[in-house]
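Architecture at a glance
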Amino acid sequence: MASSHSSSPVPQSNSSDAFFKKEMDATKRFRPVQSLPDVCPKEPTGDPSNLCDSPSLVVDQHRWTIYHSKVNLPAVLNDPRSPRNILHYTNRKSLRERRFMKDARIFVLLKIPLTGLYYTPTINPGQIWNKYLSTAGGKGNRDAASSKLLQEKLSHYLDIVEVNIAHQISLRSEAFFHAMTSQHELQDYLRKTSQAVKLLREKISKIDKVMCEGSLRVLRLSLTRNNCIKAYNKLKLMATVHQTQPTVQLLLSTSEFVGALDLIATTQEVLQQELQGIHSFRHLGSQLCELEKLIDKMMIAEFSTYARNDLNRPLEDDCQILEEERLVSLVFGLLKQRKLNFYEIYGDEMIITAKNIIKQCVVNTVSQIEEIDTEVVVKLADQMRMMNFPQWFDLLKNIFSKFTIFLKRIKATLNTIRSVVFLVLDKNQKTRDLEDTLQKNAAKDSTVDTEVAYLTHEGMFISDAFSEGDLPPVAADTTSQRNTSPNSEPCSSDSVSEPECTTDSSSSKEQTSSSVTPGGVEMMISDDMKLTDLELVRLANNIQELLYNASDICHDRSVKFLMARAKDGFLEKLNSNEFVALSRLMEGFILDTEQICGRKSMSLRGALQSQANRFVNRFHEERKTKLSLLLDNERWKQAEVPAEFQDLVDSVSDGRISLPEKKTAATEERKPTEFLIVEGQKYATVGTVLLLIRIILEYCQCVDNIPSITTDMLTRLSDLLKYFNSRSCQLVLGAGALQVVGLKTITTKNLALSSRCLQLIVHYIPIIRAHFEARLQPKQFSMLRHFDHITKDYHDHIAEISAKLVAIMDSLFDKLLSKYEVKAPVPSACFRNICKQMAKMHEAIYDLLPEEQTQMLFLRINASYKLHLKRQLAHLNVVNDGGPLNGLVTSDVAFYTGNLQALKGLNNLDLNMAEIWEQKR
């Protein structure tokens, strides 16, 4: 039989080849066969287990198989050489069935139908025998005849089965003999096929010698040449790598840290990708790693040295960056090595330099003062405390100027560092955009038909030609240069382009871009700075925070310098002008630092506020003490008004709330006046009130000079005004001046003068309120209610003085009119006395109070007079009946009216004397 391995289908008769023609009549005589077995031995392609017992017409045609059996089953069973054991028979039968199943798979592979080839009996001898044994064993010793009969029946059944099997085999013998008959045809067919193959091979050999051998030799030589070029390039690359360490040392000697790091990174990449496994370079990678760690330490030390040199150079007006190219190179190297905390080194140097600036300024100033003996007073703090205010003030001004230049230099340096960080950040963004663009282009280029890959006359694949056209411009230019340059011997036109064709293959992978810093230094940014955007943004914020810290450091050192001088109470002893000068200097420095650094520093401002509070307390206590002394010595007499006070009041009326700096000669020549003219009104005042107005203006001017103490000054000024109101009330209305000053009595003139002084202060309260309101924050406007309360208290005080004047005349009327009798002569002595006292009252207050207030006061006095007169007339039973008594009273009243209206400013006063009479019911 043929092998179980399927072969190629046999060519059909419709083929045009003469070697494969076949007669169609031969196939008509036999049953059609779908495929014939392959009789040519060849390499097995299927499962080896299926080849162990597979028959072959060529190799195993003389081996005996089950298909050679022509004897019947009874003959085999009756063979005297075989044991007649039914169990042995069943075993052999099961083995034969397994062989049949194995051979049946062969028939399936050969596509031969198996239907009817074997007869499978439905009776299982094993089951019958087991049944027989169970029956025989159960009945014991029955007669042997019945057992023999049963055995004969079984033998008979076995013969019947073998006969049926032989019959079935005979029915299928035709197909077997057909296969044997077609064997000769197959051999003829194979012989012709072998001859055709031999002829074809001879033709192919001739074609190979004539057409292919030369071309293949050219290709082999080209491949050999390319291999030699690659080996040459590898050797050149190895020679270049071998020079890495000397080159790195040379770069480090010139502080080219970035170039050294780039060279190390490129060399490591070449070792890992192109020179991996080179025995001579087995230790170079670790050596480069150690060299890279050494460079890290060198860069940190170099940056520390740069920071020290940059901050400690002479503090002049020049704020240029020191060696900007060196700084940029250092920052790039530190970023490349991910040393992102290098700014802390600069911060430490700032603290040290700030201390040295103050120390050097103190030393320079002390050396110029002859009064300070440095050998006796050793400590700088003690030497500084020996300075007077002008010397110390100049020293502080010098320190502030040095700190201002110091901060400008720091800002310039940190801005350069931040610009480097932002350039790297911008480069990362551009790289991501480029990668996104390349990915989109790659997705579009995937539509190119990559299956076309046959060789062209130029030695390139068509697919390569397609992909070359879609390369980026830089890559395309490089490819064209390699293919067209006459000097590019390593790469021929018929070789495949590979990275090994150039010695700069690894370094070319790191694309660089050129950028320029704000200072004009050009930088090359490589793509191997693997820093995330978050890290770069955080670093930029930390650098900006370092600038804020520089401002805080300068302020903190200034505060310590200020506190060292304030230990002996020096600052609290300053007068207002000195403290204002100091405050302005500190405020100017604070504003300068805020403008440079862009953020407020609160330490120096807080120290200034603390000193300002102490100054305010001392300022207020001094003025309050001064006012108290003035009031205790005030005799409440009208004082002359110097010209400087009149000018001061006039400047306030013009909107300038400030004290004149110096007395002019014209002011000193002018004579004092009796009254203070305020917006056209005359104010008779005492000397204390004139000084009080000046003190009030000092408070207002202090607020202008030191805005931070506005709220404190408002509170203190309110306290001062309340103190003046309460103390003046005690001295005048309360008659305290009798004991304090030694006055004999409090006259109506004293009362009127006190009232007019209060009115003058009330006039300026709205102006003071507006001045403070303009300098308060909106949330602090609630403090202005103090002025409202003060105004109310002053008005109440003025009303009490007016009531006191009326009460004085009221008591006089009560005393005189209670003794009044209606009799001649007319006018009576009582009315003459009353008119005399009214004239004295008018003489005392007319020059002090305005005419309107005088008229209002005398109207109230007249009302009191009418009340007492009416009461006395009612007591005397004098009525308005036209009688003699009525006539006498009318004459006295007419005398009173004439004298009162004859007083200056009271001629038009409506006295309404008819109210003295009781109305008739």
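What you see is a predicted model, and the numbers here were worked out from it, not measured in a lab. (Residues numbered from 1 in each chain as written. Predicted model: local features only at pLDDT ≥ 70, side-chain atom pairs only at ≥ 80, totals over all residues. Heavy atoms only, no water.)

Check the secondary structure of the protein chain and you find 29 helices and four strands. Taking all 921 residues of the protein chain together, 37% fall into the buried category. Carbon and sulfur atoms make up 54% of the accessible area of the protein chain, which totals about 54,000 Å². (Helix = DSSP H or I, 4+ residues; strand = E, 2+ residues; numbered from the N terminus. Buried < 20%, exposed > 50% of the residue type's maximum accessible area, 1.4 Å probe, protein only. Areas by Shrake-Rupley, 256 points an atom, 1.4 Å probe, with all protein chains shown as cover.)

Another aspect to go through is the pattern of salt bridges. A side chain with one charge can pair with a side chain of the opposite charge if their charged atoms come near. All chains considered together, the criterion is met by 21 salt bridges. Aspartate 188 serves as the salt-bridge partner of arginine 191, at 2.4 Å between the closest nitrogen and oxygen. A residue pair is termed a helical-turn pair when its members lie 3 or 4 positions apart in one helix, as arginine 191 and aspartate 188 do in helix H6 (residues 173–242) at three residues. Residue arginine 191 is classed as partly exposed on the basis of its relative accessible area of 45%. A relative accessible area of 34% places aspartate 188 in the partly exposed class. We note a salt bridge from aspartate 310 to arginine 313, for which the minimum N-O separation is 3.1 Å. Put simply, Arg618, Glu622, Arg623 and Glu698 are held in one network by salt bridges that share partners. (Salt bridge = Lys/Arg side-chain N within 4 Å of Asp/Glu carboxyl O.)

Moving on: the packing of aromatic side chains. Any pair of aromatic rings gets described here by the distance separating the centres and the angle formed by the planes. Tallied over the full model, the rule gives 16 aromatic pairs. Centroid distance phenylalanine 403 to phenylalanine 406: 6.5 Å. Interplanar angle 50°. Geometry classified as tilted. Placement of both phenylalanine 403 and phenylalanine 406 in helix H13 (residues 389–445) is noted, with a separation of three residues, approximately one turn of the helix. Accessibility expressed as a relative area gives 2% for phenylalanine 406, which makes it buried. (Phe/Tyr/Trp six-rings, centres within 6.5 Å; stacked < 30°, edge-to-face > 60°.)

Where the model shows low pLDDT, its predicted coordinates should not be examined in detail. The predicted model of the protein chain has a mean per-residue pLDDT of 76, with 73% of residues at 70 or higher. Note that residues 106–123 has pLDDT below 50 and, in this model, 32 contacts with residues that lie over four places away or in other chains. (pLDDT = per-residue confidence, 0-100. Contact = heavy atoms within 4.5 Å.)

Let's shift gears to unusual backbone geometry. Proline 825 follows alanine 824 through a cis peptide bond whose omega is 0°. Note that proline 825 resides in the loop between helix H26 (785–817) and helix H27 (829–845). Despite not being glycine, tryptophan 636 has its phi angle at roughly 55°, a positive value. With respect to the element layout, tryptophan 636 can be found in the loop between helix H19 (602–632) and helix H20 (643–653). At asparagine 912, a position not held by glycine, the phi torsion is positive, near 50°. Note on placement: asparagine 912 falls in the segment after helix H29 (884–901). With a relative accessible area of 38%, asparagine 912 lands in the partly exposed category.

A separate point is the packing of helix H22 (residues 687–705) against helix H25 (residues 748–773). In contact at an axis separation of 11 Å, H22 and H25 are set at 5° when each is read in the N-to-C sense. As far as their axial angle goes, H25 and H22 are roughly parallel. Side by side, H22 and H25 meet where Val689, Leu692, Ile693, Ile696, Cys700, Val703 and Asp704 of the first sit next to Cys757, Leu760, Ile761, Tyr764, Ile768, His771 and Phe772 of the second. Counted by class, the contact of H22 with H25 contains twelve nonpolar, one polar and one charged residues. (Axes fitted to C-alpha atoms, helices over the stretch in contact; angles between N-to-C directions. Parallel < 35°, antiparallel > 145°, perpendicular 65-115°, else oblique. Nonpolar A, V, L, I, M, F, W, Y, C, P; charged D, E, K, R; others polar.)

Core analysis: the biggest nonpolar cluster contains 196 residues, and Trp392, Phe772 and Phe858 have the highest contact counts within it. A per-element tally of this core places H13 first, with 18 residues. For phenylalanine 858, the residues in contact, after removing those within four places along its chain, are Met838, Met841, His842, Ile845, Leu900, Leu903, Leu906 and Leu909. (Core = buried A, V, L, I, M, F, W, Y, C linked by side-chain atoms within 4.5 Å.)

Glancing now at a nonpolar patch on the surface. Judged by side-chain polarity, Ile207, Val210 and Met211 come together as a nonpolar surface patch covering roughly 340 Å² of accessible area. Tracing the backbone shows isoleucine 207 in helix H6. On the basis of relative accessibility, which here comes to 45%, the residue isoleucine 207 falls in the partly exposed class. (Patch = residues over 30% accessible without salt bridge, like charges linked within 9 Å, V, L, I, M, F, W, Y side chains within 5 Å.)

Our focus in this paragraph is helix H7 (residues 244–253). Looking at H7, one finds that the buried residues are Thr244, Val248 and Leu252. Down the axis, H7 shows its buried residues gathered within 70° of arc, on one side only. Away from the buried face of H7 by more than 90 degrees, exposed residues Leu250 and Ser253 are located. Of the residues trailing H7, serine 255 is marked for its positive phi of about 60°. (Arc of directions from axis to C-beta.)

Topologically, serine 708 is positioned in the loop between H22 and helix H23 (710–733). Separated by 67 residues in the primary sequence, serine 708 and arginine 775 have C-alpha atoms spaced 9.5 Å apart. One polar contact links serine 708 to glutamine 609, side chain to side chain, over a distance of 3.3 Å. (Polar contact = N/O pair within 3.5 Å; in protein donor to acceptor, adjacent residues only side chain to side chain.)

Another aspect to go through is the environment of valine 248. Within the fold, valine 248 resides in helix H7. Judged by relative accessible area, which is 0%, valine 248 ranks as buried. Discounting chain neighbours no more than four positions away, the residues touching valine 248 are Ala260, Leu263, Ile264, Leu291 and Ile295.

Right, let's get into the packing of helix H28 (residues 851–876) against H29. Close contact between H28 and H29 brings their axes to 13 Å; oriented N to C, the two are set at 170°. As the angle between them shows, H28 and H29 are arranged roughly antiparallel. Within the contact between the two elements, H28 uses Phe858, Asn862, Tyr865, Leu869 and Leu873 and H29 uses Val889, Val893, Tyr896 and Leu900. Each residue belonging to the contact of H28 with H29 can be placed in one class, and the counts come to eight nonpolar, one polar and no charged.

Tracing the backbone through its elements, the reader meets threonine 688 in helix H22. Note on threonine 688: relative accessible area 1%, which makes it buried.

The subject of this paragraph is the environment of arginine 694. Its location among the elements puts arginine 694 in helix H22. The class for arginine 694 is partly exposed, based on a relative accessible area of 26%. In this structure, the C-alpha to C-alpha distance between arginine 694 and leucine 648, residues 46 residues apart in sequence, is 8.1 Å. Every residue in contact with arginine 694, bar those within four places of it in the chain, is listed here: Glu644, Phe645, Leu648 and Leu659.

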